Amino acid sequence: CGAIVVASGIVASLVHLPRFNALWTKPYGAILYKKLMFVLVLFAVGSWNWRRTKPRLNAGDDGLVSLKRAATVEIVLSVLVLLLTAILVALAIPE
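Figured I'd write up the structure that's included with this text.

So, how was this worked out
Residues numbered from 1 in each chain as written. Predicted model: local features only at pLDDT ≥ 70, side-chain atom pairs only at ≥ 80, totals over all residues. Heavy atoms only, no water. Core = buried A, V, L, I, M, F, W, Y, C linked by side-chain atoms within 4.5 Å. Buried < 20%, exposed > 50% of the residue type's maximum accessible area, 1.4 Å probe, protein only. Helix = DSSP H or I, 4+ residues; strand = E, 2+ residues; numbered from the N terminus. Contact = heavy atoms within 4.5 Å. Axes fitted to C-alpha atoms, helices over the stretch in contact; angles between N-to-C directions. Parallel < 35°, antiparallel > 145°, perpendicular 65-115°, else oblique. Left-handed = near helix turned anticlockwise from the far one by under 90°. Nonpolar A, V, L, I, M, F, W, Y, C, P; charged D, E, K, R; others polar. Patch = residues over 30% accessible without salt bridge, like charges linked within 9 Å, V, L, I, M, F, W, Y side chains within 5 Å. Areas by Shrake-Rupley, 256 points an atom, 1.4 Å probe, with all protein chains shown as cover. Salt bridge = Lys/Arg side-chain N within 4 Å of Asp/Glu carboxyl O.

## Here's the deal with the nonpolar core
Thinking step 1. Core analysis: the biggest nonpolar cluster contains eight residues, these being Leu17, Ala22, Leu23, Tyr28, Ile31, Leu32, Leu84 and Leu88.
Thinking step 2. Those elements that place two or more of their residues in this core are helix 2 (22-25), helix 3 (27-56) and helix 4 (61-90).
Thinking step 3. Here the element with the most residues in this core is helix 3; it accounts for three residues.
Thinking step 4. Residues within four places of Leu17 in sequence aside, it is in contact with Ala22, Leu23, Tyr28, Gly29, Leu32 and Pro94.

Below, the structure written as structure tokens:
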């Protein structure tokens, strides 16, 4: 599902942004760029959580602490992505 979300976001940005440099010259593009960066970091943390933290759960309390930390980071990043999305909805699409 993550790949579909990213692909649809890329297609939407190609449709809505008149030029590539609008990612850093227009307010809409700057917020979109930040959102994309947070989504990439969120995917990286999720991947880390799945590949490294999940197997450590069998090790005992250390694994649980690691899982809680990773889950907290994922939740914070998700909230930031949602906030940036809310800002994008309120901004005018550049022409």
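The rest of the description comes next.
## Some remarks on the packing of helix 1 (residues 2-16) against helix 3
Pairs of packed helices are described in terms of their axes, by the angle between the two and the distance that separates them.
Thinking step 1. Two elements in contact, helix 1 and helix 3, have axes separated by 12 Å at closest approach and are oriented at 165°. Taken together, helix 1 and helix 3 sit at an angle that is classed as roughly antiparallel. The handedness of the crossing between helix 1 and helix 3 is left-handed. Mapping the contact onto sequence places Gly2, Val6, Ser13 and His16 in helix 1 and Tyr28, Leu32, Val39 and Phe43 in helix 3.
Thinking step 2. Partitioned by chemical class, the residues of the contact of helix 1 with helix 3 number five nonpolar, three polar and no charged.

## A look at a nonpolar patch on the surface
Thinking step 1. A cluster of nonpolar residues, Ile75, Val76, Val79, Leu80 and Leu83, forms a patch on the protein surface that exposes about 420 Å² of accessible area.
Thinking step 2. Tracing the chain through its elements places Ile75 in helix 4.
Thinking step 3. What makes Ile75 exposed here is its relative accessible area of 54%.

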